[in-house]
Amino acid sequence: MAERVYSNLMRELKAGKFVFTGELEPGKEGSIEGTIEAARKLLGHVTACNVTDNPQSFGCVDSLAAAHKIQAETGMECICQLRCSDKNRLALLSSVLAAGVLGIKNILAITGDYVSLGDTPDVKPVYDLDATLLTRMIRRVVDEGKDLRGGEIRNPPKLHVGVAANPGSAFLDMEVYKLKRKVLAGAEFVQTQVVYLPEVVDNFFAKVKEVGVEIPILIGIFPAKSYAEAKFFHEQVSGVTVPEDYLAKLKETKEIKDKEKRKERIDQINIDYFTGFLEHLKSTPAAGCHIMAVGYPEIIPELKKVVG
Amino acid sequence: MMGQKQKPFEEILEKLNGKKKIVLMGCGGCATIFRTGDPVAIDNMAEKLEKNGKEIIAKIKLPFGVFCCYLPMSSQFLKMHEKELSEADAILMMSCGDGTQAVRAYLDEEMSIVKPIFSANNALGFVGEGPANFIEKCMGCGDCILADTGGICPLTQCSKGLLNGPCGGTTPEGKCEVDPEKDCAWLQIYRRLEKIGELDKFLKIREPKDWGQATRPRRLSVEPIDLMEKLKELKATLESMGV
């Protein structure tokens, strides 16, 4: 881990606090007022928020521009996602330097969903770098003031780089080896794919310990705001298993005609489920929890209230 | 070898619009393997074009083993058909783009026959395996990394071409999220490295690719082979194998 601390996120992780992060998703739109409003709702409840970069390969507001505006207007610290699908190493370097200029203190380096999975499947994919190489590039820029070829960077940006991992991977050995490689490249923190099952967390940390990954890991959770969302994760997202009883309870809410009552019930289902999950999480080596409640910011304070 | 598929006939016909006298030329190399430039494919193409009012004034059929992209061999056949090539309104190459351009350059520069010429086939890159099913194995990046990846090329086998994969899209069945029919290349690499006791290579960070090696067109210079000597060798080898 870098010796210096540039962000509140890193400060709290280094202090050993159990850290909560949230997620904001600027859309395919020319204004992000809704995203800024969501950020305001999370203020005081999370240490920082991820700002997605072309999620699921849909062309959206640039994550750096959105993060800058969110930070300026709300004071919420952002973790800018930066994916390799759409930019070559020159453009990625530009983004890292821009992050410095815009006062962004954390980047999550990700490979990115394949472009054909999005709304412009005929686009030419880039992948000049991958998450590992982007991580290495960022650390060289920040720590050494050099680009990948050793070219000098004046006044290098001061920021931290995190990476992703999937605790639910069917190939956990390979997954954790890959994570180890990202750590060797300079990763400073991890935010994981969504997990629902406590045993998945336990197996992951056992493997992490065995392989020797020693950076802070925030486990990802996704309180679903509808049955359809939870079903999507269960059926479509690699390595994510949503428990049957949780799914069944959400399914039952489809019968509730009154919207407010339905929402109350869904909130309660999430509070019931994730209270136990978070209590378990606190008994593991997890450094915190990354709550991917996009479009559902009000659940985060509720969950934290219960967990304390 | 160069994988290839014939273009839709309507597209070929549209490209030959306004051209009456046509020379067809095949290839005894890859296009024969893929049945896009062998004698049968040439005859079928000739028949279809004739039904559409074209006059086929020559069918240049190269025997198996004679690659139209290798001019020391294929130029012998061009010279034999100098008259028809000179009279043609267009030349339809039943080969890949490489063969088409090699022949085009020879006709232009060595025979002063400057004609419209195009390929009837779409080339699909280097492919291997066969005899019926083929898959792209090598993209000719100019900077081979197979020694570090268990003999499996991630640039061609991984949909994202990742040097430090896999991505997060390996399905529980070990397939690729982009193409559920395809094995995750990086899982294959991991398993193979594990089998040969080289898992340390998985942990090694592969540096960004030097795409400068792939700046096009790439050029090569070699000492030319002695063609007649090679043909004698081939004959002797085939005879010793009882073929």
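### So, the packing of aromatic side chains
Residue and element names in this part refer to chain A.
Point 1. Taken as a whole and judged by the stated rule, the model has 16 aromatic pairs over all chains.
Point 2. Taking 5.5 Å as the distance between ring centres and 45° as the angle between the ring planes, the aromatic pair formed by tyrosine 196 and tyrosine 246 counts as tilted. Pair noted here: tyrosine 196 is in the loop between strand E6 (189-194) and helix H7 (198-211) and tyrosine 246 is in helix H9 (residues 244-252), with a separation of 50 residues, a long-range link. An identical accessibility class is assigned to tyrosine 196 and tyrosine 246; each is buried.

### Examining the nonpolar core
Point 1. Ile70(A), Met137(A), Tyr196(A), Phe204(A), Ile219(A), Tyr246(A) and Phe277(A) are the most contacted members of the largest nonpolar core, which has 96 residues in total.
Point 2. Among the elements that line this core, the one with the most residues is helix H10 (residues 259-282) of chain A, at eight residues.

### A closer look at the pairing of strand E2 (residues 48-51) of chain A
Residues and elements named next belong to chain A.
Point 1. Of the two faces of E2, the one carrying Ala48 and Asn50 and the one carrying Cys49 and Val51 are both buried.
Point 2. With four bridges connecting them, strand E1 (residues 19-24) and E2 associate as parallel partners. Opposite glutamate 23, over in E2, you have asparagine 50 as the bridge partner.
Point 3. As defined by bridge partners, E2 adjoins strand E3 (residues 78-83) across three bridges and the pair is classed as parallel. In the strand pairing of E3, asparagine 50 is matched with isoleucine 79.

### What to know about the sheet that holds strand E4 (residues 90-93) of chain B
Residue and element names in this part refer to chain B.
Point 1. In spatial order, the strands read E3-E2-E4-E5; together these four strands make up an open sheet with parallel pairing. Two strands bound the open sheet, and with one partner strand each, they are strand E3 (55-60) and strand E5 (117-119). Adjacent strand axes in the sheet meet at a mean angle of 20° when their direction is disregarded.

### Describing the interface of chain B and chain A
Point 1. On the chain A side, the residues contacting the 31 residues of chain B number 28 residues.
Point 2. Of the roughly 2500 Å² buried where chain B meets chain A, counting both sides, 64% is carbon and sulfur surface.
Point 3. Among the residues chain B hides against chain A, the three largest losses belong to Lys160(B), Leu203(B) and Ile205(B). Together they make up 25% of the total.
Point 4. The tally of links from chain B across to chain A stands at one salt bridge.
Point 5. Across the pair Arg136(A) and Glu207(B) runs a salt bridge whose closest N-O atoms are separated by 2.1 Å.
Point 6. Joining chain B to chain A, the criterion identifies 12 residue pairs in polar contact (both at pLDDT 80 or more).
Point 7. Only helix H8 (185-195) and helix H9 (200-203) of chain B provide two or more residues apiece to the side of chain B that touches chain A.
Point 8. For the side of chain B that touches chain A, the element with the most residues is H8(B), which contributes four residues.
Point 9. Class assignment of the residues belonging to the side of chain B that touches chain A gives a composition of 15 nonpolar, eight polar and eight charged.

So, how was this worked out
Residues numbered from 1 in each chain as written. Chains lettered and ligands numbered in written order. Predicted model: local features only at pLDDT ≥ 70, side-chain atom pairs only at ≥ 80, totals over all residues. Heavy atoms only, no water. Phe/Tyr/Trp six-rings, centres within 6.5 Å; stacked < 30°, edge-to-face > 60°. Helix = DSSP H or I, 4+ residues; strand = E, 2+ residues; numbered from the N terminus. Buried < 20%, exposed > 50% of the residue type's maximum accessible area, 1.4 Å probe, protein only. Core = buried A, V, L, I, M, F, W, Y, C linked by side-chain atoms within 4.5 Å. Pairing = 2+ DSSP bridges. Axes fitted to C-alpha atoms, helices over the stretch in contact; angles between N-to-C directions. Contact = heavy atoms within 4.5 Å. Buried area = accessible area lost by both parts, 1.4 Å probe. Salt bridge = Lys/Arg side-chain N within 4 Å of Asp/Glu carboxyl O. Polar contact = N/O pair within 3.5 Å; in protein donor to acceptor, adjacent residues only side chain to side chain. Nonpolar A, V, L, I, M, F, W, Y, C, P; charged D, E, K, R; others polar.

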